[in-house]
Structure formats: C-alpha cells, structure tokens
Amino acid sequence: MEIDEAGFEELVALALDGVPAELAGLMDNVVVLVEPEPPDEDPDLLGLYDGVPLTERDSNYTFLPPDRIFIYRGPLIRMCESADQLVDEVRITVVHEIAHHFGIDDRALHDLGYA
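Residues numbered from 1 in each chain as written. Predicted model: local features only at pLDDT ≥ 70, side-chain atom pairs only at ≥ 80, totals over all residues. Heavy atoms only, no water.

## Remarks on the pattern of salt bridges
So the rule is basically this: Each salt bridge in this description consists of a side-chain nitrogen of Lys or Arg and a carboxyl oxygen of Asp or Glu lying within 4 Å of one another. Under the scheme used here, helices are H or I runs from DSSP no shorter than 4 residues and strands are E runs no shorter than 2 residues, and both carry numbers assigned from the N terminus. To sort residues, take the accessible area from a 1.4 Å probe on protein chains only and compare it with the maximum for the residue type: under 20% means buried, over 50% means exposed, and anything in between is partly exposed.
Tallied over the entire structure, the rule returns 4 salt bridges. Salt-bridge contacts for Arg57 lead to Asp28; the nearest nitrogen and oxygen are separated by 3.3 Å. In this pair, Arg57 is assigned in the loop between strand S2 (47–50) and strand S3 (67–72) and Asp28 in the loop between helix H2 (21–24) and strand S1 (30–35), connecting sequence segments 29 residues apart. Residue classification places Arg57 among the buried residues on the basis of a relative accessible area of 17%. Notably, a salt bridge pairs Asp50 with Arg68, separated by 2.6 Å at the nearest N-O pair. Of this pair, Asp50 sits in strand S2 while Arg68 sits in strand S3; the two residues are 18 residues apart in sequence, bridging distant segments of the chain. With a relative accessible area of 34%, Asp50 lands in the partly exposed category. We classify Arg68 as partly exposed; its relative accessible area is 35%. In the salt-bridge network here, residues are joined through shared partners; they are Asp28, Arg57 and Asp67.

## Considering the layout of surface pockets
Rolling a probe over the atoms, with the probe sized like a water molecule, indicates the empty space that remains. Inclusion rule: In this analysis a 1.4 Å probe is tested at points of a 1 Å grid over the protein atoms alone, and where it fits but cannot get out there is a cavity; an open set with protein on both sides within 12 Å along at least five of seven lines is a pocket; lining residues have an atom within 4 Å of a point. Grid points are joined across faces, edges and corners, and a volume is the space filled by probe spheres set on the points.
Reported here for the largest pocket is a volume of approximately 260 Å³. Forming the boundary of the largest pocket are 14 residues, of which Pro20, Leu23, Val95, Ile98 and Ala99 lie nearest the centre. Of all the secondary structure elements, the ones that give two or more residues to the lining of the largest pocket are helix H4 (83–101) and helix H5 (106–112). Of the residues forming the lining of the largest pocket, the biggest block, 4 residues, is contributed by H4.

So, to be careful, I would describe these as geometric facts and stop short of saying anything about function.
In structure tokens:
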C-alpha cells in the first residue's frame, strides 16, 4: 500500500469530517497531528492521545497547551493491503483517539469495536 503524505493527511481530514457535529463541537483544546512514525518504544502504535480527558478537567484546567492526538502514518500504511482498508483503519484510529479525549477507556472502545 502506498500513499503520499498529503493523501494520508486527507484521509485523516475525512475521518475528522465524519465526526458528528454534536461531538466535534464538544471537543475542546485539542489538536490532531499526523506523524510519520510512532515512538521507538512502540513501533506498531497507530495513534495516541496525549492530554487531560474532558471527564477529568476541572476549574484548575486553564492556560494549558492543547491536548494532542497523534495519528501515525507508517504503521497504518504497513498494516493495510488496500486503499479501502486504509480509509477504514484511519477512521477507526481517529475515532479511537477522539474517544480518549472524551474519557472513554480502551475496554469500552473494544466493546464498541474501536480497539
């Protein structure tokens, strides 16, 4: 499977566009970043949420840099055999990491089919 950087970023943008407006409007102080590869200690990682979930924020959550959602291009491309599979896996990964922003843990995501 081959796709250039711009094409991959477009898949991530499409996945973000697919988030229902009601949920997208609730996302707060978070950015989505595409990186070529995950950290060396976890080379198969597809995505990562780094921040304080909405469910854990309180009145002390002020003047902080944005939470970050990382989508890792390399492992996603390597695991997919077709363009359709890549579209699906990018969407699943984006939804998975957004769910963490909302405070949904991996067990609940697994039960919902987003593990």
